[in-house]
Amino acid sequence: MHHAPVVVHRIFPSGGRQVTLRTAGGEESLGVARSDEDVIEFLRRAGLPDPDEAVLGGGKLVEWDSDTPHVYEADPPTDDLP
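*Asks:* Can you tell me about the sheet that holds strand 4 (residues 62–64), naming the residues and giving the values?
*Replies:* The four strands lie next to each other as 3-2-1-4, forming an open sheet whose pairing is mixed. Where the open sheet ends on each side, the last strands, each with one partner, are strand 3 (26–33) and strand 4. Adjacent strand axes in the sheet meet at a mean angle of 25 degrees, parallel and antiparallel pairs treated alike. By the bridge criterion, three bridges tie strand 1 (residues 6–11) to strand 4 in an arrangement that is parallel. Considered in strand 4, the bridge of Val7 is made with Glu63. Sheet strands touched by helix 1 (residues 36–45): strand 1, strand 2 (17–23), strand 3 and strand 4. Its angle to strand 3, the strand with the most contacts, is close to 140 degrees.

What counts and how
- Residues take numbers from 1 onward in each chain, read along the sequence in its written order.
- Residues qualify for local features only when their pLDDT is at least 70, as the model is predicted, and side-chain atom pairs are given and counted only at 80 or more; totals for whole chains, interfaces and linings, by contrast, use all residues.
- With hydrogens and water excluded, all non-hydrogen atoms of the structure serve as input to the side-chain values.
- A pair of strands counts as paired when DSSP detects no fewer than two bridges linking them.
- In this text, helices come from DSSP runs of H or I with a minimum length of four residues, and strands from runs of E with a minimum of two, each type numbered from the N-terminal end.
- Working convention: axes come from line fits to C-alpha atoms, limited for helices to the stretch in contact. Angles between N-to-C directions cover 0 to 180 degrees.
- The contact rule is simple, with two residues in contact once any of their heavy atoms fall within 4.5 Å.

Structure (structure tokens):
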């Protein structure tokens, strides 16, 4: 099974997504992204080639865990309050 080296994890309830880089020693946290621009900057700082294409081009370097790709805000509760 192939695993992408970069994982954008599920959305936090308060918004934002943890971004990690898989390494030989495990996973390294790159930060919490609140936009595609944040993810691109994290990848640029980590030295990955062509971070714009990796995030926006749908390549195999980035895995979007659980939630919809490119979404960073949690859905508001849909419960109607009395």
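Back to the text.
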